[in-house]
Amino acid sequence: MKLKFDYNNMMESSIGEHGIKQSDIDNAGNAHAAAFAEVINNSGKGWQEWADTPMISDAEINELNEFGKNIREKASSFVVLGIGGSALGPICVFNALLHLHHNELPAAMRKAPKIYVEDNIDPERMASLLDVIDLKTAYFNVITKSGETSETLSQFIILYNLLKKAVGEKAAKEHIFVTTTIGKGALYAVAQKEGFKIFGIPGGVGGRFSVLSNVGLVPFAVMGIDIKSMLDGAKAMRAACERADIKTNPALMTAFLQVRSMQDGKNISVIMPYADGLKTMADFYCQIWAESLGKAVDKAGKTVNCGQTPAKSLGVTDQHSQVQLYTEGPFDKVVTFIGVENFGATIGIPADETADIGDFLKGHTMNELITAERKSTEFALTKAKRSNFTIMMPEVTAETVGELLMYFMYETAFAGAYLGIDTFNQPGVEEGKKATFAMIGRAGYEQKLRELNSIEKNVAYIIK
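Report on the accompanying structure. For clarity, every value in this text was computed on a predicted model and none was experimentally measured. Here the residue numbers are simple positions, counted from 1 along each chain's written sequence. Owing to the predicted nature of the model, reporting of local features is limited to residues with pLDDT of at least 70; listing and counting of side-chain atom pairs is limited to 80 or more, with chain, interface and lining totals taken over all residues. To obtain the side-chain values, all non-hydrogen atoms of the structure were included, while hydrogens and water were left out.

**Considering helix α4 (residues 58-74)**
Between the first and last C-alpha of α4 there are 25 Å, a value that for 17 residues agrees with the 24 Å anticipated at 1.5 Å per step. Three labels apply to residues, based on accessible area from a 1.4 Å probe with only protein chains included: buried if under 20% of the type maximum, exposed if over 50%, partly exposed otherwise in between. Helix and strand labels come from DSSP, where a helix needs a run of H or I of at least four residues and a strand needs a run of E of at least two; each type is numbered from the N terminus. Three or more residues of α4 are buried, namely I61, L64, F67, G68 and I71. Buried residues along α4 cover an arc of 130° about the axis, so they all sit on one side. The exposed set on the far side of α4, more than 90 degrees from its buried face, consists of A59, N62, E63, E66 and E73. The elements touched by buried residues of α4 are β4 (138-143), β5 (176-180), β6 (197-200), α11 (214-222) and α12 (227-241). The span one expects for a helix is its residue count, reduced by one, times 1.5 Å. Arc, as used here, means the arc of the directions from the helix axis to the C-beta atoms. Only heavy atoms enter the contact rule, under which two residues are in contact if any of them lie within 4.5 Å.

Okay, here's the thing in structure tokens:
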């Protein structure tokens, strides 16, 4: 494991009465053992098949890489169609491992097609995509585990129709490949009928835990990302998370600290990476943390309405906006920093007389400055007795990104186990999906439509 986890500033010894006592950790041995056993004993089973996603064979990796190379050599643009876990995982990895201005690079410098991840159905966004891609040389990965996702199916129908007009029906089939559950759902049936290349998603891998399955690996292979190193990193984190001793298990420890903080009223979890390449890692975290832990009832059926609201923040940018609240507002937050020791570039600040300003900066580097800013924010929060801890990455590589993604998945699973909830369902999301089907006129949802239509709005509370 290459990542390091510093939770000093979660503890009473650093932040006083707002911190967690060492005795809180020591006296919760039974809770640690139960949470650990629930997750590890079910690893690879049921809805925890995600734990096995890094364990694919070299032959499977080679097959993915060969497929990706074939698409990469033909495509001018590569478009991922998906939403939720089918998009946020790919987005955060692309952001972390590709050039930050990948699509603006000259073709000779890119070595991979332009990449677009379409994770919303705003009609202006679809129109804008069509303005910047050439359908004749664009390739599309349609991703939906259920094969029934309304947003993704609408995108697919629109683009497949346009593709057939642009390149002909036969050629259009070669521009689309799908990632879905084998043998299940409308998309699988259509893919079989149309002859699209199909990549499977294991039945026990939920969307928000799917980034290291074909949901992520297929697009990563297309873009030339080192998926073997990424999976090696994930395996290293998996091994660390299988340590029974909480003092050596990063995900078990931080999950306990977060849950214990929730019990003290710290119901907001701020994730604050100090690297632009990790900016959208916060989006990945926000989904997995919110959708997994926000539950009305526990496994015993008791109403608990638990969860911790995730909030994303970017260092240094949000030091100039959100950090004022974090240091002087309510004691209701835990801030998780993600730091990077060695950035992919070093930019010096000239020491000459370019301008008669900022002498204290001259001769330093932007690398030194961003590190100082992170440490100073940690210091300010700690001085103000605010809970915070830091994940340190030696550098942002495929391997360390794989570690970080696996850590978030295990941390979430352990937190759900401590809370006694079903971490892997999402009944609140499903209710909204059913309402959408009803409103759009899907057969079988007539009763839901009647329920929707029965809700009357009080005109006294409408401003026109």
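**Some words on the nonpolar core**
Nine residue types can take part in a nonpolar core, namely buried Ala, Val, Leu, Ile, Met, Phe, Trp, Tyr and Cys, and a core is a set of them joined through side-chain atoms within 4.5 Å. Core analysis: the biggest nonpolar cluster contains 97 residues, and W50, L405, F408, Y410 and F414 have the highest contact counts within it. For this core, the leading source of residues is helix α17 (residues 398-419), giving 14 residues. F414 has contacts with A35, F36, V39, I40, C241, N249, A251, L252 and A255, leaving out every residue within four places of it along the chain. M126, L129, L135 and V142 belong to the second largest nonpolar core, which has 23 residues in total.

**Some thoughts on the pattern of salt bridges**
Salt-bridge detection follows one rule: a side-chain nitrogen of Lys or Arg within 4 Å of a carboxyl oxygen of Asp or Glu. Here the structure, examined in full by the defined rule, presents 22 salt bridges. Close ionic contact of E451 with K448 constitutes a salt bridge, the shortest N to O distance being 3.2 Å. Remark: K448 and E451 occur in helix α19 (residues 446-453); sequence separation between them is three residues, near one turn of the helix. What makes K448 buried here is its relative accessible area of 15%. Among the charged side chains, a network of salt bridges with common partners joins D24, R260 and D264.

**Some details on the packing of aromatic side chains**
Here a ring pair, both rings aromatic, is described through the centre-centre distance and the interplanar angle of the planes. Two aromatic rings, drawn from Phe, Tyr or Trp (for Trp, its six-membered ring), form a pair once their centres lie within 6.5 Å of each other, and the interplanar angle then sorts them: stacked below 30 degrees, edge-to-face above 60, tilted otherwise. In the structure shown here, the tally under the stated rule is 20 aromatic pairs. Look at F156 and Y160: their rings are 5.5 Å apart centre to centre, the planes differ by 15°, and that puts the pair in the stacked class. Separated by four residues within a single helix, F156 and Y160 lie in helix α8 (residues 150-167), roughly one turn from each other. Overall, the relative accessible area of 8% leaves F156 in the buried class. Taking 5.5 Å as the distance between ring centres and 55° as the angle between the ring planes, the aromatic pair formed by F256 and Y418 counts as tilted. Residue F256 is found in helix α13 (residues 250-263), and its partner Y418 is found in helix α17; the two are separated by 162 residues along the sequence. Exposure remark for F256: the relative accessible area of 6% places this residue in the buried category. By relative accessible area, Y418 is classed as buried at 16%. Each residue in the set F36, W50, F209, Y410, F414 and F424 is aromatic and connected to the rest through ring pairs, giving one cluster. Charges are assigned to positions over rings by a cutoff of 6 Å between ring centre and Lys NZ or Arg CZ, combined with an angular limit of 35 degrees from the ring normal. When the ring centre of Y160 is taken as origin, the NZ or CZ atom of K164, which lies over that ring, is 4.6 Å away. Directly above the ring of F437 sits R442, whose terminal nitrogen or CZ lies 4.5 Å from the centroid.

**Here's the deal with helix α14 (residues 281-293)**
Taking 1.5 Å of rise per residue, the 13 residues of α14 would be expected to cover 18 Å, and the 18 Å separating its terminal C-alpha atoms lies within 8% of that figure. For α14, the buried fraction is high: 12 of the 13 residues fall into the buried class. Those residues of α14 that sit buried are M281, A282, D283, F284, Y285, C286, Q287, I288, W289, E291, S292 and L293.

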